[in-house]
Amino acid sequence: MAEEVKSRGKLFVISGPSGAGKGTICSELMKDADPAELCLSISVTTRAPRAGEHDGVHYYFINEEEFEQLRANDGLLEFAEVYGHHYGTPKQKVIDKLNAGIDVILEIEMQGALKVRKTYPGGVFIFILPPSMAELRKRITGRGTETQEAIDYRLSQALSEIAYIDKYDYAVVNGKLDEAVDRVKAIIKAEHSKVTEYIYKMIEQYKEDE
Ligand code: ADP
Ligand code: 5GP
């Protein structure tokens, strides 16, 4: 049967300035996602956990030595230094999921996203924008997870981060949360509706089934 032709999962890369709502959108996406269809990659980071963050859920919290070991052993699909800390995407887990036909979301910043774009051109790159700088400031302050100094630094980087938008395939303005989530879901669906090798294989099967 045509349905048995297995397609590889798709890699979706989500970036945007701190406070735009990437994490919120990703957790909304995962709420009603089928784990056999979509998963969120959990990064490693050397930054300290925030209140309410758990190891293995939000990040794998590791020290600099462990990070360096992972990097040296080619265990990371990409990595970057962000706001003074190291972050990276564990490689093998992503590859295994994609090979099993499961879509993978990476929520990563722009330097890492550019590296993924080079090594994995089949990826789909989505940029999350805040509706305004005033709203970005309100959100990042309202989140209450960073010191004032860290908030100011993150805000100071926002415009130069947004300048990377032309490297992305899609832009989603996160005004109303449910609308932004629907838009990301629509992008995922649209990407799965493209005419690909998988569709050609299906058509070959139609001929065999006839
Ligand atoms: P990021 O992951 O991009 O740094 P978060 O997902 O942590 O951003 O969101 C930053 C803050 O803004 C959080 O307190 C979150 O609850 C809030 N937030 C996210 N999306 C919206 C939205 N559409 N409307 C209002 N507040 C939002
Ligand atoms: P936060 O400290 O707010 O959780 O994340 C800071 C920034 O690091 C965000 O822009 C987030 O997308 C990015 N980030 C999280 N994990 C990774 C990763 O594995 N690789 C890269 N390059 N960036 C990441």
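Everything below is about the structure printed above this text.
Residues numbered from 1 in each chain as written. Chains lettered and ligands numbered in written order. Predicted model: local features only at pLDDT ≥ 70, side-chain atom pairs only at ≥ 80, totals over all residues. Heavy atoms only, no water.

K.L.:
An account of the site of ligand 1 is requested, with residue identities and associated values reported.
P.N.:
The environment of ligand 1 is formed by 13 residues, the closest being Gly19, Lys22, Thr24, Arg143 and Asn174. Contact distances for ligand 1 include 2.5 Å between an oxygen atom and a side-chain N or O atom of Thr24. In this structure, Arg139 approaches ligand 1 through a side-chain N or O atom, which is 3.2 Å from a nitrogen atom. If ligand 1 stood free it would expose 560 Å²; the protein chains cover 73% of that surface. The pocket occupied by ligand 1, as judged from atoms lying within 2 Å of grid points, is the largest pocket. Looking at the shell around ligand 1, the elements with two or more residues in it are helix 1 (22–31) and helix 5 (133–143). (Near = heavy atom within 4 Å. Polar contact = N/O pair within 3.5 Å; in protein donor to acceptor, adjacent residues only side chain to side chain. Areas by Shrake-Rupley, 256 points an atom, 1.4 Å probe, with all protein chains shown as cover. 1 Å grid on protein atoms, 1.4 Å probe; cavity = no way out; pocket = protein on both sides within 12 Å on 5 of 7 lines; lining within 4 Å. Sits in = over half its atoms within 2 Å of the grid points. Helix = DSSP H or I, 4+ residues; strand = E, 2+ residues; numbered from the N terminus.)

K.L.:
Could you give me a rundown of the sheet that holds strand 7 (residues 103–107), with the residues and numbers involved?
P.N.:
Where strands meet in a sheet, backbone hydrogen bonds hold them as pairs that are either parallel or antiparallel. Ordered by their spatial adjacency, five strands build an open sheet running 2-7-1-8-9, and the pairing between neighbours is parallel. Each having just a single partner strand, strand 2 (38–40) and strand 9 (170–173) make up the two edges of the open sheet. Within the sheet, the average angular offset between the axes of one strand and its neighbour, ignoring direction, is 25 degrees. Here four bridges tie strand 1 (residues 11–15) to strand 8 (residues 124–129), and the two strands are oriented parallel to one another. Within strand 8, the residue paired with Ser15 across the bridge is Phe127. (Pairing = 2+ DSSP bridges. Axes fitted to C-alpha atoms, helices over the stretch in contact; angles between N-to-C directions.)

K.L.:
Give me the nonpolar core: which residues, what numbers.
P.N.:
Looking at soluble globular proteins, one finds that nonpolar side chains tend to be buried together. If you look at the biggest cluster of nonpolar residues, it comprises 22 residues, and the most contacted ones within it are Ile14, Ile25, Ile105, Ile126, Ile128, Val172 and Val184. At the level of elements, strand 1, helix 1, strand 8, helix 5, helix 6 (148–162) and helix 7 (177–191) are the ones that each hand at least two residues to this core. Ranked by residues supplied to this core, first place goes to helix 7 with five residues. Grouped together as the second largest cluster of nonpolar side chains are 17 residues, Leu11, Leu98, Leu106 and Phe127 included. (Core = buried A, V, L, I, M, F, W, Y, C linked by side-chain atoms within 4.5 Å. Buried < 20%, exposed > 50% of the residue type's maximum accessible area, 1.4 Å probe, protein only.)

K.L.:
Quick one: what's the story with the layout of surface pockets, residue by residue and with numbers?
P.N.:
Considered as a void within the structure, the largest pocket measures approximately 1000 Å³ in volume. What lines the largest pocket is a set of 40 residues, among which Gly23, Arg47, Arg50, Tyr59 and Glu107 lie closest to the centre. Listed by contribution, the elements that provide at least two residues to the lining of the largest pocket are helix 1, strand 5 (76–82), strand 6 (85–90), helix 5 and helix 6. For the lining of the largest pocket, the element with the most residues is helix 1, which contributes six residues. Residues that form the lining of the largest pocket fall into these classes: 15 nonpolar, 14 polar and 11 charged. Considered as a void within the structure, the second largest pocket measures approximately 850 Å³ in volume. Looking at the second largest pocket, it is lined by 30 residues, and the ones nearest its centre are Glu37, Gly101, Asp103, Ile188 and His192. (Points joined across faces, edges and corners; volume = space filled by probe spheres on them. Nonpolar A, V, L, I, M, F, W, Y, C, P; charged D, E, K, R; others polar.)

K.L.:
So what about the pattern of salt bridges? Which residues, and what values?
P.N.:
All chains considered together, the criterion is met by 16 salt bridges. Across the pair Glu53 and Arg47 runs a salt bridge, and its minimum N-O distance is 2.8 Å. Residue class for Glu53 comes out buried when judged on its relative accessible area of 15%. Across the pair Arg117 and Asp169 runs a salt bridge whose closest N-O atoms are separated by 3.0 Å. Of this pair, Arg117 sits in helix 4 (residues 110–119) while Asp169 is found in the loop between helix 6 and strand 9, placing the two residues 52 residues apart along the sequence. Residue Asp169 is classed as partly exposed on the basis of its relative accessible area, which comes to 39%. Members of the salt-bridge network, linked through shared partners, are Arg47, Arg50, Glu53, Arg143, Glu146 and Arg154. (Salt bridge = Lys/Arg side-chain N within 4 Å of Asp/Glu carboxyl O.)

Just distances and angles here, no functional claims.
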